[in-house]
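Structural description and commentary
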Amino acid sequence: MTTLTPVLSAHWDADRSWKLARYEADGGYRGLRRALGMAPADVVTTVKDSGLRGRGGAGFPTGMKWGFLPAPDGGPRYLVVNADESEPGTCKDIPLMMASPQELIEGVAITSYAIGCHHAFIYVRGEVLHVYRRLLEAVREAREAGYLGTDILGSGFDLEVTVHAGAGAYICGEETALLDSLEGLRGQPRLKPPFPAVAGLYARPTVVNNVESVASVPGILRGGAEWFTSMGTERSAGHGLFSLSGHVTRPGQYEAPLGITLRELLDMAGGVRAGHQLKFWTPGGSSTPIFTAEHLDVPLDYESVGKAGSMLGTRALQIFDETTSVVKAVSRWIQFYKHESCGKCTPCREGTFWLAQIMGRLEAGQGTSADIDLLLDLCDNILGRAFCALGDGATSPVTSAIQYFREEFEAGTHTPADVLFPPERSSLFDYTPRRSTQLAGVHA
Amino acid sequence: MSVEHAGAPAPHDHGRTPGGRHATGYDDDTRARLTADAQEIIARYPQARSALLPMLHLVQSQDGYVSPRGIAFCAATLGISTAEVSAVATFYTQYKRHPNGTYTVGVCTNTLCAVMGGDAIWEELSEHLGIGHDETTDDGAITLERIECNAACDYAPVVMVNWEFFDNQTPASAVDVVDRLVGGEAVAPTRGASSVCTFKEMSRVLAGFPDGRVDEGVGAGEATVRGTRLARERGWTAPSFDADEHAATPVTGQDEPGAGEERSSADRPTTTPADASPAREQRKQKSDDAKES
């Protein structure tokens, strides 16, 4: 049986957990002290050896990403932390930064030292006011204690950190859109190459890393690469936050080695809510193809989830029971992608618009017999045809839901989803729906 | 707490009455204050243009929305056109094109929250307040929004008030929150400051000016720490740091280059197989299945 391995989450329930003094008392900044005694290249090597892979969804090896920076040319190099957590179902970085922001700040200091960065940025979404307060204060406290600023801990290394609040745009979680946004522009993805490692922020070499990735670095420096690889699988090393939500008895954050299964996690979380059964779930947010009960024993690591036809993504495990309409769930996700498409690439902008219309009529029980093929054809014309992965993500719930629940899409040609699956049965509280209005006003 | 909307001018007095005139400038004192704030924001960045997003939050802290005079102020300060400022302001959902209520009440109606009851909460609030998405009550107290996923799915259904978390809501609890807001009571979020601040006060924080409320509220809610506590109950831990911390010595103890100097991490060619250490190489990390993260 796999057990939990709290590292990042070990002290989240401590009194005033967000304070620097609490963090130091629990061993905080030992990783930075250790790193500053090493050559920067050796810090990079340690992280490479740990096998840490990006925790923001795609799983690219973190140390390798750092290693892509070109040789120094005397100009600035930047670290930008992607704290724009917005993928539906994903809820790990925001609570991490609220409860224990110093984990991230220490990771920023170590990463910056490793890559030769003297000005790092944390781009946090603007819709989390208290998290932004906590980050601003964490930087202030760390600077006052000498962990940031000039001549950090007497090492001669200088680092400034700017915490930047976004203003509401899912697309800014895409790393090049994030960079454009940080430069004061509309957040629209850039054509790659060049990759940010070569031409990122202000066209300078830049590393963009997810919050959890960066926050995992101090532990790797404290414990060493072997400590990290003693958790997880051979190619998916280490600990990760698994976020259970939805129709589960005890939703929440469960930090475990990669490779744990949903069956094990559900057991820890009290199972699917009483009296109900698992119908479908997302392994890593709405952009990862859905799974069903047949996937309960798939190890939640990058390779196994990929082999089973989805992606580990952000380990955002959204659990839906048998009361839930797949058509309604997918329809709402598609509304989201349509709303958040930045409009730059035609296949995504127009494709999500058309997907939303078709899903809308299927949800209303007014679809046509050709709609399933039309949906699949549309997905085929979106997937891989845009600058970034937003459009790709929009196709995931559609194609996977048709794969596993085709009959519900067929039912959408004659019966509304809310009739087949009355919404009050899915709700976590008792209520009587307003039948006359329930289909109106879906996403203005 | 003070309630901004009490006795405040109705929203349309800000100059958005159809056919009416926009206020076109700030008085000298206001302009001087905004200019000083803007300079502080600009100083945080290597390039001034990066200050635009926080400056738009600053404008909203003054005017309660991205006003025409605010757009002109940003353009003049940063040396760009008003069209360039507007192009950015209209891209992001937190920038409001008409005067916002004192409190933005956002109901998450993305799939997970919607299914768990967010749709019912939305219907109840919309009917109770008599307004729809992105509309404001006549007294200027509440602007209602359907919002997208706000990274609190383990607390579904979620309502945000001025971007503070109200977790595990029901139609009744959400109505109670808005009634107390309208009534001028101090209302505490589930996770956040000890009471929600006004839209303008919030906007000033988002511009990067702390309001001194960071130590209010909890570090984490119940769902956040469920794994932490379960592990402690059952005696589950991650492998200890200690053995390695005490036994190991730094990989190199001498002749360390500073960051960015010769032999630093970056002083290498682009990645080749030899770029990984032998231990790592043995694991033959494939990169072809990995995209950007």
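Refer to the structure above for everything that follows.
Residues numbered from 1 in each chain as written. Chains lettered and ligands numbered in written order. Predicted model: local features only at pLDDT ≥ 70, side-chain atom pairs only at ≥ 80, totals over all residues.

With that settled, consider the overall build of chain B. Of the regular secondary structure elements, chain B holds 10 helices and five strands. The 293 residues of chain B split such that 47% are buried. Put simply, of all contacts in chain B between residues at least 6 apart along the chain, 62% involve residues at least 24 apart. (Helix = DSSP H or I, 4+ residues; strand = E, 2+ residues; numbered from the N terminus. Buried ≥ 20, exposed ≤ 12 C-beta atoms within 10 Å, placed from the backbone. Contact = placed C-beta atoms within 7 Å.)

With 104 residues of chain B at the contact, the number on the chain A side is 129 residues. Of all elements in the fold, only helix H2 (52-63), helix H4 (82-89), helix H5 (111-129), helix H7 (199-206), helix H8 (226-234), helix H9 (242-247) and helix H10 (278-282) of chain B reach the threshold of two or more residues within the side of chain B that touches chain A. Here the side of chain B that touches chain A takes nine residues from H5(B), the largest share from any one element. For the side of chain B that touches chain A, a count of residues per class yields 49 nonpolar, 30 polar and 25 charged. (Nonpolar A, V, L, I, M, F, W, Y, C, P; charged D, E, K, R; others polar.)

The next subject is the pairing of strand S9 (residues 316-321) of chain A. Residues and elements named next belong to chain A. Among the six residues of S9, six are classified as buried, and the element is accordingly described as predominantly covered. By the alternation rule, side chains of S9 split into Ala-316, Gln-318 and Phe-320 and Leu-317, Ile-319 and Asp-321, which are all buried. Taken together, the four bridges between strand S5 (residues 239-246) and S9 define a ladder with parallel strand orientation. Within S9, the residue paired with Ser-243 across the bridge is Ala-316. Relative to S9, strand S7 (residues 278-282) runs antiparallel, the two being bridged by four bridges. What sits directly across from Trp-281, in S9, is Ile-319. (Pairing = 2+ DSSP bridges.)

Residues and elements named next belong to chain A. Following Pro-193, the chain continues into Pro-194 via a peptide bond in cis, with omega recorded as 5°. Assignment of secondary structure puts Pro-194 in the loop between helix H8 (175-182) and strand S4 (206-210). Located in the positive-phi region is Leu-153, a residue other than glycine, with phi close to 50°. By secondary structure assignment, the location of Leu-153 is in the loop between helix H7 (129-144) and strand S3 (160-165).

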